[in-house]
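Inside the fold
If you want the building blocks of each chain, they are given just below.
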Number of protein chains: 2
Amino acid sequence: MSHEYEFPRAALTVDCVVFGLDDEDLKVLLIERDLPPFEGRWALPGGFVRLDETLDDAARRELCEETGLERVYLEQLYTFGDLDRDPRERVVTVAYYALVRLSDHRVQAATDARQAAWFAIDDLPRLAFDHERILAMAHERLRGKVRYQPIGFELLPPKFALRQLQHLYEVILDRPLDKRNFRKKILAMDILVELDEVETDVAHRAARLYRFDKTKYRRLTKQGFNFEI
Amino acid sequence: MSHEYEFPRAALTVDCVVFGLDDEDLKVLLIERDLPPFEGRWALPGGFVRLDETLDDAARRELCEETGLERVYLEQLYTFGDLDRDPRERVVTVAYYALVRLSDHRVQAATDARQAAWFAIDDLPRLAFDHERILAMAHERLRGKVRYQPIGFELLPPKFALRQLQHLYEVILDRPLDKRNFRKKILAMDILVELDEVETDVAHRAARLYRFDKTKYRRLTKQGFNFEI
DNA sequence: ATCATTAGTGTAGTTACAACACGAAGGGAG
DNA sequence: CTCCCTTCGTGTTGTAACTACACTAATGAT
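Residues take numbers from 1 onward in each chain, read along the sequence in its written order. Labels are handed out in written order, letters beginning with A for the chains and numbers beginning with 1 for the ligands. Local features in a predicted model are, by the rule used here, given only for residues with pLDDT of at least 70; side-chain atom pairs are given and counted only at 80 or more, and totals for whole chains, interfaces and linings are based on all residues. As a rule here, side-chain values cover all heavy atoms of the structure and leave hydrogens and water aside.

Among the buried residues, those of types Ala, Val, Leu, Ile, Met, Phe, Trp, Tyr and Cys that are joined through side-chain atoms within 4.5 Å form a nonpolar core. Relative accessible area decides the class of each residue, using a 1.4 Å probe on protein chains only: under 20% of the type maximum gives buried, over 50% gives exposed, and in between gives partly exposed. Within the largest apolar cluster, 46 residues are counted, with the highest numbers of intra-cluster contacts made by A:Val17, A:Phe19, A:Leu165, A:Tyr169 and A:Leu192. No other element matches the 6 residues that helix 3 (residues 162-173) of chain A contributes to this core. Residue assignment places this core across two domains, with domain 1 (11-145) and domain 2 (150-222) of chain A each supplying three or more. Any pair of residues with heavy atoms lying within 4.5 Å of one another is described as a contacting pair. In this structure A:Leu192 touches A:Phe153, A:Phe160, A:Leu162, A:Leu165, A:Ile186, A:Leu187, A:Tyr210, A:Arg211, A:Phe212 and A:Lys216, once residues within four positions along its chain are discounted. Core analysis: the second largest hydrophobic core is formed by 44 residues, B:Ala95, B:Leu142, B:Tyr169 and B:Phe227 among them. Numbering goes from the N terminus for both helices and strands, where a helix is a DSSP run of H or I of at least four residues and a strand is a run of E of at least two. Annotation comment: domain bounds sourced from an automatic or database domain assignment.

Right, dumping it as structure tokens:
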């Protein structure tokens, strides 16, 4: 079945920059393309938007199809519409970025992808299309956003030690933070709940675990509270 | 001539939220639609993206065609792709916001528009499509952005008094600012040049005029300087 | 028992911020 | 010319927030 229009139309796609965090680095999820163009190259997961789904839905669907990830934090980033982004024809892509807990999710390649894999953000392969530009913008946005909104929790397990949280900020902001000042500040925000649990399986003194309290956070947000780190 | 595709495609448009500032209010430029759907309703200027122009180019072209505005500050806002935005068919729109000096630009209606007019931001008519939502997001973005980036100068004439600048911040942030503190802060940023001129045609003591120094601003930006108000 | 590693805590100096009032300049009205 | 009205332009002080910084306690590994 074919579809006719009076004027030519651009193809519309979504692409996702998926960030994850492990004990060392900030990582990004890429897929190896199994189809031309750029067959064999690494690229951001993504694909065509269908007419019966919103842009957000399309992003979630493609992410699930190509990497198996579901229920992640997802936010629109920017729309890229340069004329020569895709060698085949005019393609406009709505880019998203996602934050996932690496521990939670097992990643698997699927549709249109030979494999999916995590790459450290400062050790990336060459990417297909203009995906390097998209990824750079996503990284910048994450750095900017994490400073005044506590979205970083999306990258941590539900229960975490303050050291892990500090490490997250240090990795994303790419600068060291003072332990005592960091603790003071983050605890003063009153968005963490101290749990009656400590870390296990660590070869040293175990740290107290905390969880992020979304309810408190939302209440404070409404009061115009400032979460700057 | 008609165009055929294997899969159905959404139509792609751009819409612009144009902000202007006069002596009282923050204003928005709207056009009265001359065609269905929503004929006779006020709407954001915008239209279809052609295949031989980037999204930014499309936004500038539509803005010029429908309102006569050229060479304005323009920045992508967000892309809206809900299923029922347009009663005719699936239309995805890339929204932009623009800042213009009201004094500089004479506005005139043109293509597809009966007329173009400025509306105070808190005295708006009902709008076509989901344009109220787009406008609300643009307003929020402007408020957020003006606090840490000196984009507000785009709304002022090239030479301005500090009172005008303060008034701009007060209107956008919707709260009064202390005159002395404001002056101290903005002058300490070292992005303004004091001119050897004063206001004319005012019925009271004339204020010293300043201009924004883009070069200084860019130099400081590279040094990671903070422009928070 | 000792060692290695990380947890957890307080203070003092410095800087940034908010609050606040008045004399001087200049145009307009009489 | 004088008076009046409006806006310009300027400093200080108390308070809150930020930075820099070092040691003891806990725990697992050897």
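Attention shifts here to the sheet that holds strand 9 (residues 160-161) of chain A. Residues and elements named next belong to chain A. An order of 9-11-10 is seen for the 3 strands of this open sheet, with the pairing classed as antiparallel. Edge positions in the sheet fall to strand 9 and strand 10 (192-198), since each of these pairs with one other strand and no more. Two strands qualify as a pair provided DSSP detects at least 2 bridges between them. Relative to strand 11 (residues 208-212), strand 10 is paired through 4 bridges, and the arrangement is antiparallel. Bridge assignment links Val198 to a residue of strand 11, and that residue is Arg208.

The next thing to look at is the interface of chain A and chain B. Between chain A and chain B, the contact holds 32 residues from the first and 32 residues from the second. Buried surface at the junction of chain A and chain B, summed over both partners, amounts to about 2,700 Å²; 51% is from carbon and sulfur atoms. Take a side-chain nitrogen of Lys or Arg and a carboxyl oxygen of Asp or Glu: if they are within 4 Å of each other, that pair is a salt bridge. Between the two partners, chain A and chain B, sit 2 salt bridges. The partner of A:Arg9 in a salt bridge is B:Glu89, with the nearest N and O atoms 2.7 Å apart. Here a polar contact is recorded for every N or O atom pair within 3.5 Å, except that within protein the pair must consist of a potential hydrogen donor and a potential acceptor, and residues adjacent in sequence are included only if both atoms are side-chain atoms. Counting every contact that joins chain A to chain B gives 18 residue pairs in polar contact (both at pLDDT 80 or more). The set of elements that each furnish at least two residues to the side of chain A that touches chain B consists of strand 1 (3-5), strand 2 (11-21), helix 1 (55-67), strand 6 (73-80) and strand 7 (91-100) of chain A. For the side of chain A that touches chain B, the element with the most residues is strand 6 of chain A, which contributes 4 residues. For any pair of parts, buried area is found by adding up, for both, the accessible area (1.4 Å probe) each one loses once the two are put together.

All names here are of chain A. Assigned domains within chain A: domain 1 (11-145) and domain 2 (150-222). Using C-alpha coordinates to define each centre, domain 1 is positioned 27 Å away from domain 2. In this assembly, 17 residues from domain 1 lie in contact with 12 residues from domain 2. The interface formed by domain 1 and domain 2 holds 0 salt bridges in total. Viewed at the interface, domain 2 and domain 1 are joined by 4 residue pairs in polar contact (both at pLDDT 80 or more). Ten residue types, Ala, Val, Leu, Ile, Met, Phe, Trp, Tyr, Cys and Pro, are classed as nonpolar, four, Asp, Glu, Lys and Arg, as charged, and the remainder, Gly among them, as polar. For the side of domain 1 that touches domain 2, the class distribution of residues is 8 nonpolar, 2 polar and 7 charged.

The subject of this paragraph is the relation of the copies chain A and chain B. When the copies are superposed, the least-squares fit takes in the C-alpha atoms of residues with a pLDDT of at least 70 in both. For the pair chain A and chain B, the best superposition has an RMSD of 0.1 Å and corresponds to a rotation of 180 degrees with a translation of 0.0 Å parallel to the axis. The superposition of one copy onto the other is thereby described by a two-fold rotation axis. For chain A, the minimum C-alpha distance to the rotation axis belongs to A:Glu4 and amounts to 2.2 Å.

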